[in-house]
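Here's the letter readout for the chains.
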Amino acid sequence: MLVPNLFELHQFIILDLFYEVDEASDNQHKRTHNSTIRRPRGPTGFCGISNLGATCYLNALLQTLFLTPEFRRSIFSIDRNELGDTDEATQVINVRNIPIQLRKLFARMVQLDIDFVDTDRLIESFGWNSNDTFLQQDIQELNRVLFDAIEQSLFGTNSEKIIRDLYKGTIVNEIECKECKAISRREEGFLDLSLSIADVSTLDGALSRYFLGYELMFGDNKYYCEGCGKHVDAEKSCRLLKIPPILTISLLRFYYDSRIGNYKKDTKRFSFPRKLNMSSFCKTTDKDSIYELYSVIIHRGKLTGGHYHCFTEDICNMGKWNISEDSTSVTESKDSNPTSNIDFMDLYDPLQILIAIVDCMGRVNVPIDIIGQKLTKETGSSWNNRFRRKYGPIKKFLGNHSDVFSLNDDLVSLISAHNTEETSEIVDNQHLRFTTSLNALFLRSDERHWFDFNDLSVTPISYDMVEKKYSGSESAYMLFYR
């Protein structure tokens, strides 16, 4: 539904968040989990999340939110000054703790070279105690509770509409009197669509039953029409009035079985498409009604127990894949690094450094955040720390040099006419080598891949694995489209 930039994370924002983590709290955090050895990130390049007892449902939801670029960007973009601080006079802490801890968690997942992160401080911001981490909760309910908590935390700030703008849609319920033809309308908002899968085998079938069907109100269920002043036969229908940028669908797999006096899980086959057209279910045609599936939360087990994990598409190509071509695995090495022969420490002028980086990275449509990451990696210092005070944000600096760089949203191209002799000597003959490395490490947008995020473990998967979760005791439970 939305076409993202491949790498929309702003490096200077992430680094600021990273430095917010004070050493004392980090030391305490490490002592809490000193029984678990932390290692560098695995071959996928992603962080897992530790299970603190029975928090797999939280981990699956957090990984999905982290890999939702619009949500992640919104969390990182909250004005730091609006998140509150400690009153120096009274030492009373007045902070919006949930978004603060969510920002810090996401920052660690981007910046720290460790194979997993913990959610202790985020969980504490919920007001949970240690016993709560051993009580498994329903992930569909957690999704609503977390969004409500974020909205309440951000009330009164410029970011208070983050959840509404991304996830909230509107349903209109209509009742038409069969006698006077008057129509009564009632609108209600939703953050996710909860769909019964009973007696249907496809998502289209479940949506059609909910939004294309009609309920006849007659007999003992007649509708009281104020215009007619009596109970009359009527027709009740439901349509989507507004659909959100991120569409969340909860599948109601659990149902009450009166024969056993308990809930059972419906494990039959229920298929869902990779591309979803919602136009036929809307009251009015929406030009942005085409969605693409990007995450599926999987549940294994029973209602009162079991396990959650998620299959999620790497929309922004943040992860790494080993791609075999002609039986040869293409992986990153020092020799194949396009900038390995460039000594950026010899470059002092920011314009010269940026020209060299963009030139090495193919010259055309290079994401700003990747430029920032490369600058930090090669010089040992971020743009924020080295240049921002004097030159402003990196995007502003690039825009001020329109004779050198062309900006298209967050993509940067080097104007072909510009190439200084010194920079040309530094980066000569690097373009072909970089293209090979780029294709191996940062796949094109039409080659995005899926990963299985299962607590500490992150594993690359094919889309075929998603389709295998249409049915069974381990099956799809929540669907996320964008």
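Our structure's up above, just so we're on the same page.
Everything numeric here is computed off the predicted structure, so don't read it as measured data.

Cut-off values and rules
- Each residue is numbered by its place in its chain's sequence as written, counting from 1.
- Thresholds applied to this predicted model are a pLDDT of at least 70 for local features of residues and 80 or more for the giving and counting of side-chain atom pairs; totals over whole chains, interfaces and linings are not thresholded and use all residues.
- Excluding hydrogens and water, the side-chain values take into account all heavy atoms of the structure.
- Each Phe, Tyr or Trp ring, with Trp reduced to its six-membered ring, pairs with another whose centre is within 6.5 Å; inter-plane angles below 30 degrees give stacked pairs, above 60 give edge-to-face pairs, and intermediate values give tilted ones.
- Only runs of H or I of at least four residues qualify as helices and only runs of E of at least two qualify as strands under DSSP, and these elements are numbered from the N terminus.
- Only protein chains enter the accessibility calculation, which uses a 1.4 Å probe. A residue is then buried if its area is under 20% of the maximum for its type, exposed if over 50%, and partly exposed in between.
- We call a set of buried Ala, Val, Leu, Ile, Met, Phe, Trp, Tyr and Cys residues a nonpolar core when their side-chain atoms join them within 4.5 Å.
- Two strands are counted as paired when DSSP detects at least two bridges linking them.
- Definition used for salt bridges: Asp or Glu carboxyl oxygen within 4 Å of a side-chain nitrogen of Lys or Arg.
- Helix axes are fitted to C-alpha atoms over the stretch in contact, other axes to C-alpha atoms as well, and angles between N-to-C directions run from 0 to 180 degrees.
- Here the word oblique covers every angle except those under 35 degrees (roughly parallel), over 145 (roughly antiparallel) and from 65 to 115 (roughly perpendicular).
- Between two residues, a contact is recorded if the distance between any of their heavy atoms is within 4.5 Å.
- As a working rule, the residues Ala, Val, Leu, Ile, Met, Phe, Trp, Tyr, Cys and Pro are called nonpolar, Asp, Glu, Lys and Arg charged, and the rest polar, with Gly in that last group.

## Notes on the packing of aromatic side chains
Next, step 1: A complete count under the given rule lists 18 aromatic pairs for this structure.
Next, step 2: Judged by centre distance (6.3 Å) and plane angle (35 degrees), the ring pair of Phe71 and Phe147 falls under tilted. In this pair, Phe71 sits in helix α4 (residues 69–76) while Phe147 sits in helix α7 (residues 139–153), placing the two residues 76 residues apart along the sequence. Taken individually, Phe71 and Phe147 each receive the classification buried, so the pair is uniform in this respect.

## Topic: the nonpolar core
Next, step 1: One finds Phe71, Phe106 and Ile139 to be the most contacted residues of the largest nonpolar core, which totals 55 residues.
Next, step 2: Counting residues in hydrophobic clusters, the runner-up holds 35 residues, among them Val200, Phe211, Cys238 and Cys282.

## Considerations on the sheet that holds strand β20 (residues 366–367)
Next, step 1: Ordered by their spatial adjacency, 3 strands build an open sheet running β20-β22-β21, and the pairing between neighbours is antiparallel. With one partner strand each, in any of the chains shown, β20 and β21 (405–408) form the two edges of the open sheet.
Next, step 2: Alignment of β21 against strand β22 (residues 411–414), held across 4 bridges, turns out to be antiparallel. The residue of β22 that forms the bridge with Asn408 is Leu411.

## Considerations on the pattern of salt bridges
Next, step 1: Applying the stated criterion to the full structure yields 17 salt bridges.
Next, step 2: Taking the shortest distance from any N to any O, the salt bridge between Arg274 and Glu313 comes out at 3.6 Å. Separated by 39 residues along the polypeptide, Arg274 in the loop between β14 (262–265) and β15 (275–277) and Glu313 in strand β17 (residues 307–313) bring together distant segments of the chain.
Next, step 3: Lys469 is the partner of Glu474 in a salt bridge, and the nearest nitrogen-oxygen pair spans 3.6 Å.
Next, step 4: A relative accessible area of 12% means that Lys469 is categorised as buried.
Next, step 5: Counted as one network, the salt bridges with shared partners bring together Glu141, Arg144 and Asp192.

## Quick notes on the pairing of strand β7 (residues 193–196)
Next, step 1: On β7, burial follows the alternation: Leu193 and Leu195 on one face are buried, whereas Ser194 and Ser196 on the facing-out side are not.
Next, step 2: Bridge count between β7 and strand β12 (residues 247–252): 4 bridges; the pairing is parallel. The partner of Ser194 across the bridge, within β12, is Ser250.

## Examining the packing of helix α3 (residues 56–66) against helix α5 (residues 97–111)
Next, step 1: Two elements in contact, α3 and α5, have axes separated by 11 Å at closest approach and are oriented at 75 degrees. Relative to α5, α3 is oriented roughly perpendicular. Contacts between α3 and α5 involve Leu62, Gln63, Leu65 and Phe66 from the first element and Leu102, Leu105, Phe106, Met109 and Val110 from the second.
Next, step 2: Its residues assigned to classes, the contact of α3 with α5 comprises 8 nonpolar, 1 polar and no charged.

## Considerations on helix α10 (residues 350–360)
Side chains that are three or four residues apart share a direction in an α-helix, a result of its 3.6 residues per turn.
Next, step 1: Of all 11 residues making up α10, 11 are buried, and the element is well covered by its neighbours.
Next, step 2: Taken as a whole, α10 has its buried residues at Pro350, Leu351, Gln352, Ile353, Leu354, Ile355, Ala356, Ile357, Val358, Asp359 and Cys360.
Next, step 3: The first or second residue beyond α10 is Gly362, which carries a positive phi of 100 degrees.

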